[in-house]
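# A closer look at the structure
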2 protein chains.
Amino acid sequence: MKISFIGSGNVAWHLSQALKLHGNRIVQVYSRKPGNALKLANVLNSEYTSDFNSLSTEADIYIISISDDALIEICKNKLLKAKINNKLVVHTAGSINIDILKKLSLNIGVLYPLQTFSKKKEIDFSKIPICVEANTKIKENYLKNIADKISDNVRILTSNQRQHLHLAAVFACNFTNHFYSIAENILQNNKMDFDILLPLIKETTNKIEKFNPTSVQTGPAYRDDQKILKKHIELLKKYPDLQKMYNFVSENILKSKAK
Amino acid sequence: MKISFIGSGNVAWHLSQALKLHGNRIVQVYSRKPGNALKLANVLNSEYTSDFNSLSTEADIYIISISDDALIEICKNKLLKAKINNKLVVHTAGSINIDILKKLSLNIGVLYPLQTFSKKKEIDFSKIPICVEANTKIKENYLKNIADKISDNVRILTSNQRQHLHLAAVFACNFTNHFYSIAENILQNNKMDFDILLPLIKETTNKIEKFNPTSVQTGPAYRDDQKILKKHIELLKKYPDLQKMYNFVSENILKSKAK
């Protein structure tokens, strides 16, 4: 396929290269900042522009990979709509409904790769789940075929499912990382390094590859071990927010167990 | 060394076998339940008993590896104290001060392996952090030498540090597992499987092996992306506890960033 990218951020950076690697031609990269467009275009050996007037009309698919706010704005752009001329336009956002693209084209879809990307870090796209959606079965199959070439883990999801998936990912990744960060602070305040926890963290994630997380829950809250719960609250006495967090999560663990 | 185990639970099960493997002789296993003592004694080729009157006086070290509540109780046992006869007595608990053992002997210590154990699952002890404490420098070195033989990751920690380590582990492992469990529920309620999150979870933990967790925090709360935060709260409208949790953790992430 001939593909144009609108956007040159972390997702565009990796997704465009993976698509190129698997037989697609990247026609052009658009970014508001010409320097950013140029950088990615150089890697892809494609054209670049920072002006919608110069947008190539040669592409079969336009992939818009920009921030949610910018996506909402760009969908109102008449010039972009004219250039796309009802060809397939796709976004890569977790939490934005496919329907927003209706303002730009009659043929719309989503390719949402569920991973955190950073330009510096190479990534094996074959293991990354890609969530596919389109407004017709034909376009859905078309996008699925493209996605299947770059990933072994392609799922057809509705916008509603994708939004819930993003929410679940916030709990499973952003919030857990924040708890690693809290653990790090507790250790540093007591002259210990975070790395002492790594084997236990690894074992925790090894377990959930084999068993569902609800079935392997452990810890003082799960055991309703009031002596330890009280001791932990006491250890956190200088940190009222963490005390509140500890109590709240512990109570939630106990409630979930009761269900 | 000649070692007796008081207790035959998960920690005793793995620690005793690792100690035996590395040149120690396990003299005897005590458990309140003779069947449990027998099972572990069979694996270790040692004696067993469920009666303090029959406790062997031959051991150099007595390792008490039982629940916190049972440990607090057992330390009051006069018969056990007489049998130990001021030889080295050690506990394996994360949240109990070393001083509790003063009731049993003049020579006391702690060997706290930081891992979750289950009897069914074999474990490579060499990677497990073992936290060592003793009431004299000589005994501390003595226990450290024993621990160094079974683990590459031995740390000398005070009781206060060990208690904070346990608290940090609750955040980094028990609480994170609960969040995996919440993510699982959100996915199941929307007809998706938990395994779609595994690559992202793996990448999250890969990152914290190289960078400190505070420096790699991402997500809508960290970006203060109010549109997504509102959308997520809306998606959780049927689950007031999760809404509260989502808000509370998100606010805490933003506050931590501001610091």
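Bear in mind the structure is a predicted one, so any value in this text is a computation, not a measurement. (Residues numbered from 1 in each chain as written. Chains lettered and ligands numbered in written order. Predicted model: local features only at pLDDT ≥ 70, side-chain atom pairs only at ≥ 80, totals over all residues. Heavy atoms only, no water.)

## What about the sheet that holds strand 1 (residues 2-6) of chain A?
Residue and element names in this part refer to chain A. Rules: Here the rule is simple: two strands pair whenever DSSP picks up at least two bridges between them. The helix count covers DSSP runs of H or I at least four residues long, the strand count covers runs of E at least two residues long, and both are numbered beginning at the N terminus. Lines are fitted to the C-alpha atoms to define the axes, a helix being fitted only along its stretch in contact, and any angle between axes, read from their N-to-C directions, falls within 0 to 180 degrees.
A sheet is described by the order of its strands in space; here eight strands give the open sequence 3-2-1-4-5-6-7-8, paired in mixed fashion. Each edge of the sheet is formed by a strand with only one pairing partner; in this case those strands are strand 3 (47-49) and strand 8 (154-156). For this sheet the average axis-to-axis angle between neighbouring strands, irrespective of direction, equals 25°. Here strand 6 (residues 108-113) pairs with strand 7 (residues 130-134) via five bridges, running antiparallel. Note on strand 7: the bridge partner recorded for Pro 113 is Ile 130.

## Topic: the nonpolar core
So the rule is basically this: For the purposes of this section, nonpolar cores are sets of buried Ala, Val, Leu, Ile, Met, Phe, Trp, Tyr and Cys residues that join through side-chain atoms within 4.5 Å. Accessible area is worked out with a 1.4 Å probe on protein chains only. A residue is then buried under 20% of its type maximum, exposed over 50%, and partly exposed in between. Every residue pair with non-hydrogen atoms within 4.5 Å of one another is taken to be in contact.
Counting residues in hydrophobic clusters, the biggest one holds 122 residues, and the most contacted among them are Leu 165, Phe 171 and Leu 197 of chain A together with Leu 165, Phe 171 and Leu 197 of chain B. In this structure, Leu 165 of chain A is in contact with Tyr 112, Leu 114, Cys 131 and Leu 157 of chain A together with Leu 187, Met 192, Ile 196 and Leu 197 of chain B, ignoring residues within four places of it in sequence.

## Here we look at the interface of chain A and chain B
Rule in force here: Accessible area, probed at 1.4 Å, shrinks when two parts are joined; the buried area is that loss added up over both. Here a salt bridge means any side-chain nitrogen of Lys or Arg lying within 4 Å of a carboxyl oxygen belonging to Asp or Glu.
Every contact between the two is made by 86 residues of chain A and, on the other side, 86 residues of chain B. For the pair chain A and chain B, the two sides together bury roughly 8,600 Å², of which 66% comes from carbon and sulfur. Where chain A packs against chain B, one counts 10 salt bridges. Here Arg 155 of chain B makes a salt bridge to Asp 195 of chain A, at a shortest N to O gap of 3.5 Å.

## Considering the confidence of the model for chain A
The test is simple: Think of pLDDT as the predictor's per-residue confidence, scored from 0 to 100.
Averaged over every residue, the pLDDT of chain A is 96; residues scoring 70 or more account for 100%. Scored as a whole, the predicted complex attains pTM 0.93, and scored at its interfaces, ipTM 0.94.

## Structural notes on the side chain of Thr 176 of chain B
The condition is simple: Definition of a polar contact: a pair of N or O atoms within 3.5 Å, with one able to donate and the other able to accept a hydrogen when the atoms are protein atoms, and with sequence-neighbouring residues admitted only if both atoms are side-chain atoms.
Within the secondary structure, Thr 176 of chain B is located in helix 6 (residues 159-189). Here Cys 173 of chain B takes part through its backbone oxygen, which lies 3.0 Å from a polar atom of the side chain of Thr 176 of chain B. Apart from the residues lying within four places of it in its own chain, the contact partners of Thr 176 of chain B are Thr 176, Phe 179, Tyr 180 and Thr 204 of chain A together with Phe 171 of chain B.

## Observations concerning the relation of the copies chain A and chain B
To be explicit about the condition: When the copies are overlaid, the least-squares fit takes in C-alpha atoms only where the residue has pLDDT of at least 70 in both copies.
It takes a turn of 180° to lay chain A on chain B, together with a shift of 0.0 Å along the axis; the resulting RMSD is 0.0 Å. The symmetry that links the two subunits is that of a two-fold axis. Proximity to the rotation axis, assessed at the C-alpha, singles out Thr 176 of chain A in chain A; its C-alpha lies 2.5 Å from the axis. An overlap of 100% is found between the interface residues of chain A and their copies at the interface of chain B, pointing to a shared contact surface.

## Topic: the packing of aromatic side chains
So the rule is basically this: Ring pairs shown here join Phe, Tyr and Trp side chains whose ring centres sit within 6.5 Å, with only the six-membered ring taken for Trp; geometry is labelled stacked below 30 degrees between planes, edge-to-face above 60, and tilted in between. Whether a charge sits over a ring comes down to the Lys NZ or Arg CZ being within 6 Å of the ring centre and within 35 degrees of the ring normal.
As enumerated under the stated definition, the model contains 18 aromatic pairs over all chains in all. Taking the centre distance of 5.3 Å and the plane angle of 55° together, the rings of Tyr 246 of chain A and Phe 175 of chain B count as tilted. Of this pair, Tyr 246 of chain A sits in helix 10 (residues 240-258) while Phe 175 of chain B sits in helix 6, which puts the two residues in different chains. Just as Tyr 246 of chain A is buried, Phe 175 of chain B falls in that class too. Members of the aromatic cluster, connected to one another through ring pairs, are Phe 171, Phe 175, Phe 179 and Tyr 246 of chain A together with Phe 171, Phe 175, Phe 179 and Tyr 246 of chain B. Residue placement shows Lys 257 of chain A over the ring face of Tyr 222 of chain A; its charged tip is 4.5 Å from the ring centre.

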